[in-house]
Amino acid sequence: MLFNSIEFALFLPITFVIYWFVVGNNLKIQNLFLVAAGYFFYAWWDWRFLSLLILSSLIDFGIGLTLSKTESKNKRKILLWLSILMNIGILGFFKYFNFFIDSFQDAFTFFGYQIEAHHINLILPLGISFYTFQTLSYTIDVYKGKMKATNDVVAFLAFICFFPQLVAGPIERAANLLPQFYKKRIFEYAQASDGVRQILWGLFKKVVISNNCSIYVAEIFTNYDSYSGSTLFLGTVFFAFQIYADFSGYSDMAIGTARLFGFDLMKNFNFPYFSSNIAEFWRRWHISLTTWFRDYIYYPLGGSLFSKWKTARNVMIIFLVSGFWHGANWTFLVWGFLNALYFLPSLLLERKKEVNSNKWSIQKPFKILGTFFIVCVAWVFFRAPNVSTAFQYLNRLFSSSFFELPSILTPKLDMVYLMFNILFLIGIEWIQQEKEHGLDLKNVSTIKRRILYLLVFSSILLFGTFGKEEFIYFQF
Amino acid sequence: MKEFIRKISIYLIIAIGIHVLLGFFADGSTDDFYQRFTSKTQSSLIVGSSRAAQGIQPEVINKILSDREFYNFSFTLNNSSYGEIYNNAILKKIDKKTRNGSFILSVEPWGFIVNKTSKLLSDNIDSISILSKMHYLSLYPNYEYLYRFIKRGWGNILIKRFENKILNSQKANLSSISGSWALLHNDGWLEVNTTIDQVNFAKKLKSAQNLYQNTFDNSKISKLRILAFENLIEELKKYGKVYIVRLPAHPELLKLDNKMMPNFNADMLVISKNHKVGFLDMTVNANKYIYTDGIHMFKTSGASVSREIALRIIELEKHN
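Residues numbered from 1 in each chain as written. Chains lettered and ligands numbered in written order. Predicted model: local features only at pLDDT ≥ 70, side-chain atom pairs only at ≥ 80, totals over all residues.

J.: Help me understand the overall build of chain A in this model?
T.: Secondary structure summary: chain A contains 17 helices and 0 strands in total. In terms of C-alpha radius of gyration, chain A reaches 23 Å, essentially the compact-globule figure of 23 Å for 476 residues. Dimensions along the principal axes, computed over C-alpha positions, put chain A at roughly 70 × 65 × 45 Å. Taken across its 476 residues, chain A has 42% of its residues classed as buried. (Helix = DSSP H or I, 4+ residues; strand = E, 2+ residues; numbered from the N terminus. Rg over C-alpha atoms; globule rule 2.2 N^0.38 Å. Buried ≥ 20, exposed ≤ 12 C-beta atoms within 10 Å, placed from the backbone.)

Right, here's the structure in full:
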C-alpha cells in the first residue's frame, strides 16, 4: 500500500478511528490491533511474504527471551550468531542469491571456464532490508545488555510490523520504539496536528518533486547518448532531488503517521543537501541506516580508536556494506566506494570535525555547492543500470558539451513548474533548517501558517503527479 | 481529539469540495480522451484508432450529410483495436432509440493484430485498454475517468485550459512554436497542432517506421479481432448504415501496412460484401495529403479526406 494512494487514504482514517475510539482503552488490545493493521498493510502488497515477516519477528523474540535467561558467554554468542545467520540468511537468499550466481559465473568466464548457472526466479520481499535490520538491532542490543529482552510478544510484533515505518523505515532501534508500546498512548492535539503537517510536507515532496523529476530523469538516463553534458548534469541534479524528495518524503509521511498514533519515530533526514562537507552529508542523510552501520559495524570494528589506516579501512567497509545493502548490483558497490573515497581525505588529514553550523561565511555556499556536486556524481552510479553505463554517462557529462545550454525537454512548461517547485522546496527547507521538518510551524503566526498550507496544498493540486510510482526505497 | 477531528474534517471537506468543483472545468484540453466519456449517447459514430481520431472531422462530414450528426469515438490502437472491449463500448455509446444512424468504421491492418506471444482469450486481449476499466461512458463530469486516468493533481485541469487558450491564440503561426499540442473538440475530433517542417517530419517518419517495423516483427493477425469486427458490423446494422473506411497514411507507412496484411483491401472488400456494407478506400491519393508524423493526417488534409468521405457516402447511398 503506497502512502500516496487512495487505498492508504481509506486505510489511515479507518485505522485511526478504531485505534483511538474502539480499542483505545486497552493497551494490549490496542497493540494487538496495531499488529493486525501492520499485517494487513503488508499483506496488501503480497500476503505470501507475511510468513517471512512473522518468522523473522518470532525468531528474534525467542532468541531475545532465551538470551535474557542465559548467562553462559558461549551460549549467548551462539544465540546471537543464530539470529544473525537466520536474518541475514533470509535477506541474503532473497536479495543476493542471483547476484552471487551471476558474479561467480562472470568470474569463471573471465578465467576461461564456462559454467552453467541456475537462477531462481525470486521476488524481493517488500521492506525486508528494513525490518531485518530492525529485528537484528533488538537482538544485538539484548546481547550487549543495552536493553532488557521483552516478554510481551504482542508489543514485540507490533514494534516490528508498525505500519508507518514497516516497509521503508526509519529503521528504528528497539530502545527507542519498543518502550513506546508498553505505555498507554494519550492523544495529544499538538503532536497529531504536527503529524498531519509532516504528512502534507512528505506528500508534497513525493508527488510534486520526486514524481515529476522522475519523468525527466528516466528520459535523460535512458537516452543519455543523445543529450549534451549540460543536460546530463541537469539529469543528475533532477535525480538528486528525486531520490531525496522520494525517500525523505516517505520518511516524513511515516513519522507524521506514527505521530497520529501517539508514537515518535527518529528523524531520518536532516536537510542533507545543505551540508558543507561529505561527513556532514552522511550525518544528515538516511540517519537511521547510517547510525545503524555506525553502531553495529563501525564501532565493533574499532571505529576511529586505532590508527588512521584502520579507521580508513573501517570507513571503507561500512560504505561498501551500505552500498551492498541498497541492492545486488555492482553500481551500488561503486557508489559506496566513491562515497568512502570522498570521506577519506578529511579523515587521513585529521581535519577537525565540522559541526552542522548555520554560521554564515563567504565559503559556505561554495562548500555546500561543492558537496552537492560530488554527491550528484556518485548518484550517477546509484541510478545507472550498470557500471559501464554510469562511466559512459559521466564521460559524456564531463565533455565539452557540458558548457552548452541544456536541451529544453518537453513539455516545456512542466519543466518550468518543476524548477519553480524545486526552488520552493529549497527555500522552505533552508528557512526551516533548525526545525524537525519543512512544515514544523510551531510559534508561527496563524496567517503565515495558512498561507504556507495554501501554497503547499495548491502545489500538490496543480503540479502533483499521482499514479502508481512506487517509492524508490521500496526496492531495497 | 474533537478539535483535531473537526479541523481535519473541515480541511478534508474543502479538499473534496475543490475536487468536485474542478471536475466541472475538465474539457477537451484535459487530455486526449476525457471529453469522449462525457458526451451523451450518439446516433452516428466514427470509430477506429488514432488515425481516425485525428483524421476524420465530424464537423466537416455533418455539414455535407446534414441529416445526421456524427461523433468521433475513436481512440488509439492500444485502446480501440477491434475486439470485445471496444465493441461493448461502442454499443454503450449508441442511443438505443437510433434507427437511421450511420457508422464509419475506420480500418487499418494494425487494428487486427495481437502480440505474437498472445495466448489470451478474447475478452483479455484488450485488458490494457482504458475502455476495459470504464463503466460510465456518457457522464458529465465523469469523475470515474478523472479519478482513474488523470495522474496529475486536478488543479492541472485549470492549467491545461489556460495553456490551451494561449496556444490556440497562436495557431495561425505554427512555425513559431516548437513541439505540439492537442485539443479534443466537442464532436470527438482530436485536433493536433504541430510544426511540420521537413527536418522534424523526416525524424518523426523515421520513428514511425521503426515503431511499425517493430510491431510487425512482434505481431500476428488475430482471427478474434476480425471476427469481433464482423460482429460489430452486424450489431451496428441494427441502428443504421455501416461504412468501412480505410484512411490514407504516408506512402512509406502504407508499404508497412501492406506488409502486415498484404491483401488488406481485398479482405475488407470481402467483409463488406458479406455483410452488405460499403467500403471506401481512401489510400489511393495518399501522397496528396500532409501528415504530422506519417501516420496521422494534418488537420487541413483531414478536412479534405472527411469531405471526400461524406461525398462518397452520398454516392454510395444513391446507388443503393
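J.: For this particular structure, what's the right way to read the overall build of chain B?
T.: Looking only at helices and strands, one finds 12 helices and 9 strands in chain B. The C-alpha atoms of chain B give a radius of gyration of 21 Å, which matches the 20 Å a tight globule of 320 residues would have. By principal-axis analysis of the C-alpha atoms, chain B measures approximately 75 × 45 × 45 Å. Split into buried and exposed, the 320 residues of chain B put 38% on the buried side. Of all intrachain contacts in chain B linking residues separated by at least 6 positions in sequence, the fraction that spans at least 24 positions is 81%. (Contact = placed C-beta atoms within 7 Å.)

J.: What am I meant to see in the interface of chain A and chain B here?
T.: A common way to report how large an interface is uses the accessible area buried once the components associate. Facing 18 residues of chain A, the contacting portion of chain B comprises 13 residues. Take the side of chain A that touches chain B: its biggest share by element is 5 residues, from helix 17 (residues 446-463) of chain A. Counted by class, the side of chain A that touches chain B contains 11 nonpolar, 6 polar and 1 charged residues. (Nonpolar A, V, L, I, M, F, W, Y, C, P; charged D, E, K, R; others polar.)

J.: What's the story with the pairing of strand 5 (residues 180-184) of chain B in this structure? I'm lost.
T.: Along a regular strand, successive side chains alternate from one face of the sheet to the other. Residues and elements named next belong to chain B. Where strand 5 meets strand 6 (residues 190-194), 5 bridges bridge the pair, whose relative direction is antiparallel. Residue Ser 180 lies in a different strand from strand 6, and its bridge partner there is Thr 194. From the end of strand 5 to the start of strand 6, which pair antiparallel, there are 5 residues, and Gly 188 there has a positive phi angle of about 95°. (Pairing = 2+ DSSP bridges.)

J.: Looking at this model, I keep getting lost on the domain arrangement of chain A. Mind explaining?
T.: Per the domain assignment, the segments making up chain A are domain 1 (26-185) and domain 2 (190-276 + 357-475). Counting residues at the interface gives 12 residues for domain 1 of chain A, matched by 15 residues for domain 2 of chain A. (Domains from an automatic or database assignment.)

J.: Help me understand helix 7 (residues 156-169) of chain B in this model?
T.: Each full turn of the α-helix corresponds to 3.6 residues, which orients residues three or four apart in the same direction. Helix length check: helix 7 of chain B (14 residues) gives 20 Å between terminal C-alpha atoms against 20 Å at 1.5 Å per residue, within 8%. Listed as buried for helix 7 of chain B are Asn 156, Ile 157 and Lys 160 of chain B. Along the axis of helix 7 of chain B, the buried positions cluster into a sector of 100°, meaning they face one direction only. Within helix 7 of chain B, the exposed residues directed more than 90 degrees away from the buried face are Phe 162, Lys 165, Ile 166 and Ser 169 of chain B. In this structure, the buried side of helix 7 of chain B is in contact with helix 17 of chain A together with helix 1 (2-23) of chain B. (Expected span 1.5 Å × (residues − 1). Arc of directions from axis to C-beta.)

J.: Explanation requested: the environment of Gly 101 of chain B in the structure shown.
T.: By the secondary structure assignment, Gly 101 of chain B is in strand 3 (residues 101-107). Each C-alpha atom of the pair Gly 101 of chain B and Ser 50 of chain B lies 22 Å from the other, and the pair is 51 residues apart in sequence.

J.: Explanation requested: helix 8 (residues 198-218) of chain B in the structure shown.
T.: Residues and elements named next belong to chain B. Taking 1.5 Å of rise per residue, the 21 residues of helix 8 would be expected to cover 30 Å, and the 30 Å separating its terminal C-alpha atoms lies within 8% of that figure. Every buried residue belonging to helix 8 is among Lys 204, Ala 208 and Tyr 212, and all of these are buried. Down the axis of helix 8, the smallest arc covering the buried residues is 70°, so these residues share one side. Facing away from the buried side of helix 8 by over 90 degrees, the exposed positions are Val 199, Ala 202, Lys 203, Ser 207, Asn 210, Gln 213, Asn 214 and Asp 217.

J.: I'm lost on the packing of helix 8 of chain B against helix 10 (residues 251-260) of chain B in this one. Help?
T.: Helix packing for two helices is described by the angle between their axes and how far apart those axes are. Residues and elements named next belong to chain B. Their axes nearest at 10 Å, the elements helix 8 and helix 10 cross at an angle of 5°. What the angle tells us is that helix 8 and helix 10 run roughly parallel. Every residue of helix 10 that contacts helix 8 at Leu 205, Ala 208, Gln 209, Tyr 212, Gln 213 and Phe 216 is listed here: Glu 252, Leu 253, Leu 256, Lys 259 and Met 260. When the residues that make up the contact of helix 8 with helix 10 are grouped by side-chain class, the tally is 7 nonpolar, 2 polar and 2 charged. (Axes fitted to C-alpha atoms, helices over the stretch in contact; angles between N-to-C directions. Parallel < 35°, antiparallel > 145°, perpendicular 65-115°, else oblique.)

J.: Can you help me understand the confidence of the model for chain B in this one?
T.: Caution is warranted with low-pLDDT regions, since their predicted coordinates should not be read in detail. Residue-level pLDDT values for chain B average 90, and 96% of them are 70 or greater. Element-level pLDDT for chain B is lowest in helix 7 of chain B, with a mean of 85, against a maximum mean of 97 in strand 2 (residues 70-72) of chain B. (pLDDT = per-residue confidence, 0-100.)

J.: Explanation requested: the nonpolar core in the structure shown.
T.: Side chains of a nonpolar character, in soluble globular proteins, are inclined to be buried together. In terms of nonpolar packing, the biggest core is built from 188 residues, with Phe 159 and Cys 161 of chain A together with Val 245 and Ile 309 of chain B touching the most fellow members. It is helix 9 (residues 229-260) of chain A that contributes the most residues to this core, 17 residues altogether. Summarising the domain contributions, this core has at least three residues from each of domain 1 (26-185) and domain 2 (190-276 + 357-475) of chain A. (Core = buried A, V, L, I, M, F, W, Y, C linked by C-beta atoms within 7 Å.)

J.: Would you mind going over the sheet that holds strand 1 (residues 44-47) of chain B with me for this structure?
T.: Adjacent strands of a sheet form backbone hydrogen bonds with each other and so pair up, either parallel or antiparallel. All names here are of chain B. Spatially, the 5 strands line up as an open sheet ordered 2-1-3-8-9, and their pairing is parallel. Two strands in the sheet have a free side with no partner beyond their single neighbour: strand 2 and strand 9 (278-281). Averaged over all adjacent pairs, the angle separating strand axes in this sheet is 20°, with direction ignored. Its contacts with the sheet put helix 12 (residues 299-319) on strand 3, strand 8 (240-246) and strand 9, and the angle it makes with strand 9 is roughly 145°.

J.: Would you mind showing me how to read the environment of Ser 57 of chain A here?
T.: Residue and element names in this part refer to chain A. Relative to the helices and strands, Ser 57 is located in helix 3 (residues 50-69). Of the residues examined, Ser 57 has 22 C-beta atoms within 10 Å and is grouped as buried. With 99 residues separating them in the primary sequence, Ser 57 and Phe 156 have C-alpha atoms 7.7 Å apart. Leave out the neighbours within four places in its chain, and Ser 57 touches Thr 135, Phe 156, Leu 157 and Ile 160.

J.: Which parts of the structure should I look at to understand the packing of helix 8 (residues 189-222) of chain A against helix 9 of chain A?
T.: Residues and elements named next belong to chain A. Between helix 8 and helix 9, the shortest axis-to-axis distance is 6 Å and the interhelical angle comes to 155°. Accordingly, the angle class assigned to the pair helix 8 and helix 9 is roughly antiparallel. Regarding helix 8 and helix 9, the two cross each other, and that crossing is left-handed. By residue class, the composition of the contact of helix 8 with helix 9 is 20 nonpolar, 13 polar and 6 charged. (Left-handed = near helix turned anticlockwise from the far one by under 90°.)

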